[in-house]
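# Summary of the model geometry
If you want the building blocks of each chain, they are given just below.
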Amino acid sequence: MNDALFSGLTLAADGPEFPTVDDFLLPQIIFPGTPFAMDRIIMVRIIATAIMLVVLGVSAARAKLIPGRWQGAVEWVIEFVRDQIVYQVMGKERGRRYLPMITTMFFTILVFNLCGIIPGFNIAATATITMPLVFAGWCFVQYWVAGAREKGLGHFLKEELFPRGVPAPIYILLTPIQLLELLVIRPVSLTLRLFANMVAGHITVAVCLAATQWFLIEIPNKLWSILGIGTFAAGLVMTLFEILVAALQAFIFAMLTTAYINMSYPETE
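This one's a predicted model, so the numbers in the text were calculated from it and none came from an experiment.

## Looking at the overall build of the chain
Secondary structure assignment for the chain yields 8 helices and 2 strands. Walking the chain from its N terminus toward its C terminus, one meets helices and strands in the order α-β-β-α-α-α-α-α-α-α. In the chain, the proportion of contacts linking residues at least 24 apart, taken out of those at least 6 apart, comes to 70%. Looking at the chain as shown, the accessible area adds up to about 15,600 Å², and 70% of this sits on carbon and sulfur atoms.

## Topic: the packing of aromatic side chains
In total, this model carries 10 aromatic pairs according to the counting rule given. Seen from their ring centres, F80 and F251 are 5.9 Å apart, and the 40° between their planes marks the pair as tilted. Taken together, the residues span a long stretch of sequence, with F80 in helix α3 (residues 69-90) and F251 in helix α8 (residues 225-263) at a distance of 171 residues. Look at F80 and you get partly exposed, because its relative accessible area is 27%. With relative accessibility at 25%, the residue F251 sits in the partly exposed group.

## Brief notes about the pattern of salt bridges
Oppositely charged side chains can form a pair if their charged atoms are brought close together. Counted according to the given criterion, the structure contains 6 salt bridges. The closest approach of N and O atoms between R82 and D83, which form a salt bridge, is 2.9 Å. You can call R82 partly exposed: its relative accessible area is 30%. The salt bridge involving R164 is made with E159; its shortest N-O contact spans 3.8 Å. On the basis of relative accessible area, R164 is assigned to the exposed category, the value being 73%.

## As for the nonpolar core
In terms of nonpolar packing, the biggest core is built from 47 residues, with V86, Y98, I102, F106 and F253 touching the most fellow members. Of all the secondary-structure elements, those providing two or more residues to this core are α2 (40-61), α3, α4 (92-114), α5 (130-151), α7 (171-218) and α8. Excluding residues within four positions of it along the chain, I102 makes contact with V81, I85, V86, A254, T257 and T258. Listed in part, the 5 residues of the second largest apolar core include W214, F215, I219 and W224.

## A word on the UniProt feature "transmembrane region" (unreviewed entry) in the chain
Taking the numbering used here, the UniProt-annotated feature "transmembrane region" (unreviewed entry) corresponds to residues 41-61, 98-121, 127-147 and 194-216. Note that residues 41-61 is 100% helix and 0% strand, and that its end C-alpha atoms are spaced 30 Å apart. Along residues 194-216 one finds 100% helix and 0% strand; the C-alpha atoms at either end are 33 Å apart.

## Side note on the confidence of the model for the chain
Looking at the chain as a whole, its pLDDT mean stands at 83, while 87% of the residues score no less than 70. The spread of mean pLDDT over the elements of the chain runs between helix α1 (residues 2-14), the lowest at 47, and α4, the highest at 93. Counted against residues more than four places away or in other chains, residues 1-13, with its pLDDT under 50, gives 16 contacts.

## Observations concerning α5
Between its first and last C-alpha atoms α5 spans 31 Å; for 22 residues at 1.5 Å apiece the expected length is 32 Å, and the two agree. Within α5, burial applies to M131, P132, F135, A136, C139, F140, Y143, A146, G147 and K151. Where α5 is buried, its residues meet α2, α4, α6 (153-161), α7 and α8. Immediately beyond the C-terminal end of α5, within one or two residues, lies G152, with a positive phi of roughly 90°.

## Brief notes about a nonpolar patch on the surface
A surface patch of nonpolar side chains, about 730 Å² in accessible area, is lined by I129, L133, L179, L180, L183, V184, I185, V188 and L192. Examining the composition of the nonpolar patch, we find that 7 residues originate from one element, α7, more than from any other. Relative to the helices and strands, L192 is located in helix α7. Judged by relative accessible area, L192 falls into the partly exposed class, the value being 41%.

Procedures and definitions
- Residues numbered from 1 in each chain as written.
- Predicted model: local features only at pLDDT ≥ 70, side-chain atom pairs only at ≥ 80, totals over all residues.
- Heavy atoms only, no water.
- Helix = DSSP H or I, 4+ residues; strand = E, 2+ residues; numbered from the N terminus.
- Contact = heavy atoms within 4.5 Å.
- Areas by Shrake-Rupley, 256 points an atom, 1.4 Å probe, with all protein chains shown as cover.
- Phe/Tyr/Trp six-rings, centres within 6.5 Å; stacked < 30°, edge-to-face > 60°.
- Buried < 20%, exposed > 50% of the residue type's maximum accessible area, 1.4 Å probe, protein only.
- Salt bridge = Lys/Arg side-chain N within 4 Å of Asp/Glu carboxyl O.
- Core = buried A, V, L, I, M, F, W, Y, C linked by side-chain atoms within 4.5 Å.
- UniProt positions renumbered as here; feature names shortened; annotations may be inferred.
- pLDDT = per-residue confidence, 0-100.
- Expected span 1.5 Å × (residues − 1).
- Patch = residues over 30% accessible without salt bridge, like charges linked within 9 Å, V, L, I, M, F, W, Y side chains within 5 Å.

Structural data, given as structure tokens:
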């Protein structure tokens, strides 16, 4: 009994191999060393995109006047994005222009986020900085385009950099901050919010499962199995929580994108 316990303590001192941020720097598995090189996360993005396009395409092709359960579920999500995000923030007349963009963004981010809990994928397609940055860039390109179209580029920049009702000397400090917020802070914060949440969730689940394997399999002592059961339960809870976070981050990103674009329109409209 004591020998087994001592053996378990010795192994526990070594500890399991927990995942690190380096695990997100995946090796190239296809066309390595070429401009077309792909690692596992890029393959996950390609496969997830193909599956999403096929599923939505087939759903649209087989749409009926009286929807079945699957069609009803898809339509509910689309109507949720339309009514609770786009129209809620922009109104119907303005929102129609951006409804395809926001719906595409919401669905893509949601599916990419959920890849982290799909067996075989096991990593969110938004868990590297590139994809969140692409979505943020898309948002702010539309933000600038809408502002330039509705107000004129000069007037748009004047309103952004020189807010009304501010004493002139304050502009010396305020204008550089406004410019930094316009070019860096808003897109970077939008990027990091999505990226950091998905990385944190993936690492947390991986840590729970690594600890479970260590306590239940690697340590030959039943006393440690209690901890293994606890970490396994924590892993299940965190997996469910990651599903919630995946949907919540898709909603937040779509909502903030809609709000930012709406801010570029004249307030009087």
